[in-house]
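Coordinates in review
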Amino acid sequence: VAQAYTDAYNSVMDRMNVMKPSIEPRATGHIIEQIEMIQTIIEKGLAYEANGSVYFDVMAYNTHQHYGVLPGVLVGGSAGLTLWFVGSFAEYRAALAGIRARAEEGGVWVIWPKTRPGVKPDINGNLVRELALEVGLVDFKICAVDEVWSGMRFAVRKT
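Residues numbered from 1 in each chain as written. Predicted model: local features only at pLDDT ≥ 70, side-chain atom pairs only at ≥ 80, totals over all residues. Heavy atoms only, no water.

1. As for unusual backbone geometry
Heads up, the rule is: Starting at the N terminus, helices and strands are each numbered in turn, a helix being any DSSP run of H or I of at least four residues and a strand any DSSP run of E of at least two. Accessibility here uses a 1.4 Å probe with only protein chains present; expressed as a share of the type maximum, an area under 20% marks a residue as buried, one over 50% as exposed, and anything in between as partly exposed.
At N17, a position not held by glycine, the phi torsion is positive, near 60°. Checked against the element boundaries, N17 lands in the loop between α1 (2-15) and α2 (31-43). When its relative accessible area of 71% is taken as the criterion, N17 is described as exposed.

See the structure below:
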């Protein structure tokens, strides 16, 4: 399967006249290194294990590296859907006008950290909804993404 995707990628790059890489490493060839890296991240307190999975702790990371400096971690594309992971109220407020423009292209999920033992973010669903309404967005779905994140889906309000 991986080879089929690699071949398809290289075919597109050939048509665009892009030089091929000298090596094409695969994740399956570096499992030991990945495990070691994950163990290091956990040891530093930047990730945690829950129910057999490892989760990156954005709030812990943000205290050292200012994760929120990233522009809302917008993930979008041809599907017309944006997933916006927001770590703080200030980050949300600062980038909200831009997310309004993304909502015009399709749906937007705003995803924020939940309050949980030892973690009290300065953002919650009420604040997310309140500011979104001010820029002409309306929410129509809410969900618990997992133990750490909640999300709310928005679209541009029809007039």
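Having seen the structure, we can now continue with the description.
2. Notes on the nonpolar core
Proteins that are soluble and globular tend to have nonpolar side chains buried together. Note the cut-off: The set of buried Ala, Val, Leu, Ile, Met, Phe, Trp, Tyr and Cys residues whose side-chain atoms join them within 4.5 Å is what this entry labels a nonpolar core. Should any heavy atoms of two residues lie within 4.5 Å, those residues are considered in contact.
Counting 17 residues, the largest nonpolar core has Y92, V110, W112, I123, V128 and F154 as the members making the most contacts within it. Secondary structure elements with two or more residues in this core: α4 (89-105), β5 (107-113), α5 (125-134) and β7 (149-156). Not counting chain neighbours up to four residues away, the residues in contact with Y92 comprise W84, V86, V110, I123, L127, V128, L131 and A132.

3. As for the environment of A47
Tracing the backbone through its elements, the reader meets A47 in strand β1 (residues 47-50). In this structure A47 comes out as buried when scored by relative accessible area, which is 10%. For the pair A47 and A60, spaced 13 residues apart in the sequence, the C-alpha separation amounts to 8.2 Å. In this view, A47 contacts I41, I42, V54, Y55, F56 and D57; residues no more than four positions away in its chain are not counted.

4. Here we look at the environment of R129
With respect to the helices and strands, R129 occurs in helix α5. With 10 residues separating them along the chain, R129 and D139 place their C-alpha atoms 6.9 Å apart.

5. Regarding the packing of aromatic side chains
To keep it simple, the criterion reads: Geometry of aromatic contacts follows a simple scheme: Phe, Tyr and Trp rings, the Trp one being its six-membered ring, pair when their centres are within 6.5 Å, and the pair is stacked under 30 degrees between planes, edge-to-face over 60, tilted otherwise.
Under the criterion given, the structure shown has 2 aromatic pairs. Geometrically, the ring pair formed by F85 and W149 is edge-to-face, given 5.3 Å between the ring centres and 90° between the ring planes. With a gap of 64 residues between them, F85 in strand β4 (residues 81-85) and W149 in strand β7 connect regions that are remote in the sequence.

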